[in-house]
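Descriptive analysis of the structure
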Amino acid sequence: MSNTYGEWLKAQREVAGLTQQELADSAIMTRSHIAHIEAGRRVPSKEDARRLDRALGTGDVLSSFLPRGDVAVADYFEAARQLEQQATVIQEFALSLVPGILQTEGYARAVLAPGATPRSEEECDRLLVTRLERGHVLANPVTPLVCVLLDEAVLRRRVGKGRIMADQLDYIVRLAESERIRLHVLPFGVGYHQLLQGMLSLMMFDDQPPVAYGEGVLMGRLHDSPALVETLQRIYTLTLGDALPRKESIALLRATAKDYGPHD
């Protein structure tokens, strides 16, 4: 993100004669979170921005001009997208599609192609760029720690041509074998499980409470209620216990990719 926002926040803090810790205390935030925002490494939530405005007496400037950048995502996903870039731990469950941060260009292009929702070629390209940029969180070899739980349907449901699926599964295998992600597959043999109702993303941070994001058909919701997030974390952990071990999961993806390989 551009650091103009962070630099302006720092300037207003210094004009007010406050240290980062003093501003953090007044805005009910952590000093490290203030430091990250000023350095351009984090984007505050709308509520954080409102508290900063109140603490600094800046009206609604910080809450009205939150940096968004040239991104193209569904409105309901924007807050989750920003948090995804800030998380230190991400736990993904995918029911039918490969999670966005793991999608290859070919797979993402097939998912975002015009269908029931009319899109221009330009809009599809913008959505594709944003989708692929989400994967940049994996560029750091250590942070975030990413655990991916895939329902077997993700492997079996063909998206695009066979080669696209083969390339996508091979990419996930490479990430798992390099230990950049922890991968587990929930086989069909498990039958019913509590995550069958939709996709789930759990995100944890160094300096703010964990959140959960759930998504269905053309709708999604970010949850920050501590009780609900704790319940979803517990369900995720229990369901993970029914998944295939890491090595068996990798072997299943590799074998499935070979099955797709010969297709055009």
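Residues numbered from 1 in each chain as written. Predicted model: local features only at pLDDT ≥ 70, side-chain atom pairs only at ≥ 80, totals over all residues. Heavy atoms only, no water.

**Describing the environment of threonine 104**
Counting through the fold element by element, threonine 104 comes out in the loop between strand 1 (89-94) and helix 7 (105-112). A sequence separation of 28 residues divides threonine 104 from leucine 132, and the C-alpha atoms of the two residues are 7.4 Å apart. Apart from residues no more than four positions distant in its own chain, threonine 104 is found in contact with Leu132, Asp167, Gln168 and Tyr171. (Helix = DSSP H or I, 4+ residues; strand = E, 2+ residues; numbered from the N terminus. Contact = heavy atoms within 4.5 Å.)

**Notes on the pairing of strand 1**
When you tally the buried positions in strand 1, you get five out of six residues, the bulk of the element. Pairing between strand 1 and strand 2 (residues 145-151): six bridges, direction parallel. Following the sheet pairing, glutamine 91 is matched in strand 2 by cysteine 147. Across five bridges, strand 1 lies against strand 4 (residues 199-204) in antiparallel orientation. (Buried < 20%, exposed > 50% of the residue type's maximum accessible area, 1.4 Å probe, protein only. Pairing = 2+ DSSP bridges.)

**What to know about the side chain of arginine 51**
Here arginine 51 shows up in helix 4 (residues 46-56). Filtering out sequence-adjacent residues up to four positions away, arginine 51 remains in contact with Ala27, Ile28 and Met29.

**Considering the pattern of salt bridges**
Summed over the entire model, instances satisfying the criterion amount to eleven salt bridges. The partner of arginine 163 in a salt bridge is aspartate 167, with the nearest N and O atoms 3.4 Å apart. One end of the pair, arginine 163, and the other, aspartate 167, are both in helix 10 (residues 162-177), four residues apart, so they sit about a helical turn from each other. Among the salt bridges present, the one from glutamate 177 reaches arginine 254, with a minimum N-O distance of 2.1 Å. With a gap of 77 residues between them, glutamate 177 in helix 10 and arginine 254 in helix 12 (residues 246-260) connect regions that are remote in the sequence. Look at glutamate 177 and you get partly exposed, because its relative accessible area is 43%. (Salt bridge = Lys/Arg side-chain N within 4 Å of Asp/Glu carboxyl O.)

Read these as spatial facts, not as claims about activity.
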